[in-house]
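Topology and contacts: notes
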Amino acid sequence: MTQPSIGFIGLGLMGAAMVGRLQDKGYAVTVTANRSRPNIDAAVARGATEVATARDVAAASDIVMLCMDTSASVESRMRGADGVIAGLKPGGTVVDFGTSLPGSTRALGAEVNDAGGTYLDAPLGRTPAHAKDGLLNIMCAGDKTAFDAIEPTLKDLGENVFHLGALGAGHTIKLINNFFGMTVANAMAEAFAMADVAGIDRKQMHGVMAAGPLHSGMMDFVAAYGVDKDPTKLEFAIKNAAKDVGYYAQMAQDAGVDSIMSKGTLCALEQARDTGQGDDMVSQIVDFYAKRFNG
């Protein structure tokens, strides 16, 4: 079976790793520059075709993939005279791998449908290191026929590929997942800072907590920095965590409900971001709490 041609927009850490994986698997890939050159140049050196606009990417591709930082970024690449929608092939499929607002996703889906294509949301779990080996978790949603058609390609990128229902369900689940994960991370970070205040050894406290039912991967990610000063176990920046939890809070507001738990998490993430820690990894928010408690 002939491989579909792929267009890819957003070659950051994750996107570049995904493009590398697609190239390893023999896909023809078309790219366009977004913010910086190095990852584009690397993809082109391996055989990717670079074009000037998102419209050109769509015109050259059976499947257009976006891996962008915000809903606003996705919308800017999708709409307008030089956007994906303007260049979409009849029957083309667009996949948003970023973490976006479900309402934005559904609106773009209607516009893509009007243009004769299909829009799928497919946010990702795991890290760029997993992406290089095709081991991502992919939370896809949208038209099932379109999903079935591109599932072999998604399975080249992901170890666990889910179809989660109607368009927007993937982004909804991802936002709930990230809200929960970032809330646990902040609780663990504050726990370490409180141990400092109380004169308790961080490592001993973690050992006790990890021996019980509270033990989790997220606990260990935060402990890797809180105890061992290694921030690399969870390569996710505080500024991105703040964006995702903010999207979760907005999603709750759009649904007419008041999220209680997200308020503290979002407050801490935004304050850490705004006081110079935006590019730090999430586990390093331990320092934010420690500084706050120590005055």
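Use the structure listed above.
Cut-off values and rules
Residues numbered from 1 in each chain as written. Predicted model: local features only at pLDDT ≥ 70, side-chain atom pairs only at ≥ 80, totals over all residues. Heavy atoms only, no water. Patch = residues over 30% accessible without salt bridge, like charges linked within 9 Å, V, L, I, M, F, W, Y side chains within 5 Å. Areas by Shrake-Rupley, 256 points an atom, 1.4 Å probe, with all protein chains shown as cover. Salt bridge = Lys/Arg side-chain N within 4 Å of Asp/Glu carboxyl O. Helix = DSSP H or I, 4+ residues; strand = E, 2+ residues; numbered from the N terminus. Buried < 20%, exposed > 50% of the residue type's maximum accessible area, 1.4 Å probe, protein only. Phe/Tyr/Trp six-rings, centres within 6.5 Å; stacked < 30°, edge-to-face > 60°. Lys NZ or Arg CZ within 6 Å of the ring centre and 35° of its normal. Axes fitted to C-alpha atoms, helices over the stretch in contact; angles between N-to-C directions. Left-handed = near helix turned anticlockwise from the far one by under 90°. Contact = heavy atoms within 4.5 Å. Nonpolar A, V, L, I, M, F, W, Y, C, P; charged D, E, K, R; others polar. Pairing = 2+ DSSP bridges. Right-handed = clockwise from strand over helix to strand, strands pointing away. 1 Å grid on protein atoms, 1.4 Å probe; cavity = no way out; pocket = protein on both sides within 12 Å on 5 of 7 lines; lining within 4 Å. Points joined across faces, edges and corners; volume = space filled by probe spheres on them. Expected span 1.5 Å × (residues − 1). Arc of directions from axis to C-beta.

Let us look at a nonpolar patch on the surface. Together, F162, L164 and I173 line one region of the surface with nonpolar side chains, adding up to about 230 Å² of accessible area. Residue placement: I173 occurs in helix α9 (residues 169-198). Note on I173: relative accessible area 36%, which makes it partly exposed.

Moving on, we come to the packing of aromatic side chains. To describe a pair of aromatic rings, one takes the distance between the centres and the angle between the planes. Inspection of the entire model under this criterion finds two aromatic pairs. Residues F288 and Y289 carry aromatic rings whose centres are separated by 5.3 Å and whose planes lie at 75 degrees to one another, so their mutual orientation is edge-to-face. Each member of the pair, F288 together with Y289, is buried. Sitting over the ring of Y225, K229 keeps its end group 4.8 Å from the ring centre.

Attention shifts here to the packing of helix α12 (residues 238-254) against helix α13 (residues 261-277). Packed helix pairs are characterised by how far apart their axes lie and by the angle those axes make with each other. As a packed pair, α12 and α13 sit with axes 9 Å apart at the nearest point and diverge in direction by 145 degrees. The interaxial crossing formed by α12 with α13 has left-handed handedness. Mapping the contact onto sequence places I238, K239, A241, A242, V245, G246, Y248 and A249 in α12 and S262, T265, L266, L269, E270, A272, R273 and Q277 in α13. A per-class count over the contact of α12 with α13 returns nine nonpolar, four polar and three charged.

Moving on to the pairing of strand β9 (residues 158-163). In terms of strand pairing, strand β8 (residues 136-140) meets β9 through five bridges, oriented parallel. Within β9, the position partnered with C140 by the bridge is H163. As a crossover connection, the stretch from β8 through helix α8 (residues 144-157) into β9 is right-handed.

This paragraph deals with the environment of F162. Checked against the element boundaries, F162 lands in strand β9. A relative accessible area of 41% means that F162 is categorised as partly exposed. Taking the C-alpha atoms as reference, F162 lies 9.5 Å from E151; in sequence the two are eleven residues apart. If near-sequence neighbours (up to four positions away) are discounted, F162 is found in contact with I138, M139, C140 and F147.

Within the structure shown, the criterion is met by 15 salt bridges. The salt bridge partner of D62 is K89, with a shortest N-O separation of 3.4 Å. You can see D62 sitting in the loop between α3 (54-59) and β4 (63-66) and its partner K89 sitting in the loop between α5 (84-87) and β5 (93-96), a full 27 residues away along the chain. Note on D62: relative accessible area 33%, which makes it partly exposed.

The next point concerns the layout of surface pockets. By rolling a water-sized probe across the atoms, one finds the places where empty space is left. Taken as a whole, the largest pocket encloses approximately 1,600 Å³ of empty space. If you go around the largest pocket, you meet 48 residues; those closest to its centre are M14, R126, E235, F236 and N240. At the level of secondary structure, the elements contributing two or more residues to the lining of the largest pocket comprise α1 (13-24), α2 (38-45), β7 (124-125), α7 (128-132), β8, α9, α11 (217-226) and α12. Here the element with the most residues in the lining of the largest pocket is α9; it accounts for six residues. The residue inventory of the lining of the largest pocket, partitioned by class, reads 20 nonpolar, 18 polar and ten charged.

This part covers the sheet that holds β5. Across the sheet, which stays open at both edges, the six strands sit in the order β3-β2-β1-β4-β5-β6 with parallel pairing between neighbours. Taken across any chain shown, the strands that pair with only one partner, and hence form the sheet edges, are β3 (49-50) and β6 (118-121). Pairing analysis gives two bridges linking strand β2 (residues 29-32) to β3, with the strands arranged parallel. Looking at β3, one finds that V31 is bridged to E50. Here α1 sits on the sheet and contacts β1 (6-9), β2 and β4; the angle it forms with β1, its principal contact strand, is near 165 degrees.

Turning our eyes to something else, we now look at the sheet that holds β8. With mixed pairing, three strands are arranged side by side in an open sheet as β7-β8-β9. Either end of the sheet is taken by a strand with one partner, and the two such strands are β7 and β9.

Here we take up the pairing of β6. Looking at chain direction, β5 and β6 are connected through four bridges and run parallel. Looking at β6, one finds that V94 is bridged to Y119. One crossover worth recording links β5 to the parallel β6 by way of helix α6 (residues 102-114), and it is right-handed.

Another aspect to go through is α6. For α6, which comprises 13 residues, the first-to-last C-alpha distance of 19 Å matches the rise-based estimate of 18 Å (1.5 Å per residue) to within 8%. Within α6 the residues assigned to the buried category are P102, S104, T105, L108, G109 and V112. Viewed end-on, α6 has its buried residues packed into an arc of 150 degrees, placing them on one side of the element. Residues of α6 that are buried sit in contact with α4 (71-78), α5, β5, β6, α9 and α12. With its phi angle positive at about 90 degrees, G116 sits one or two positions after the end of α6.

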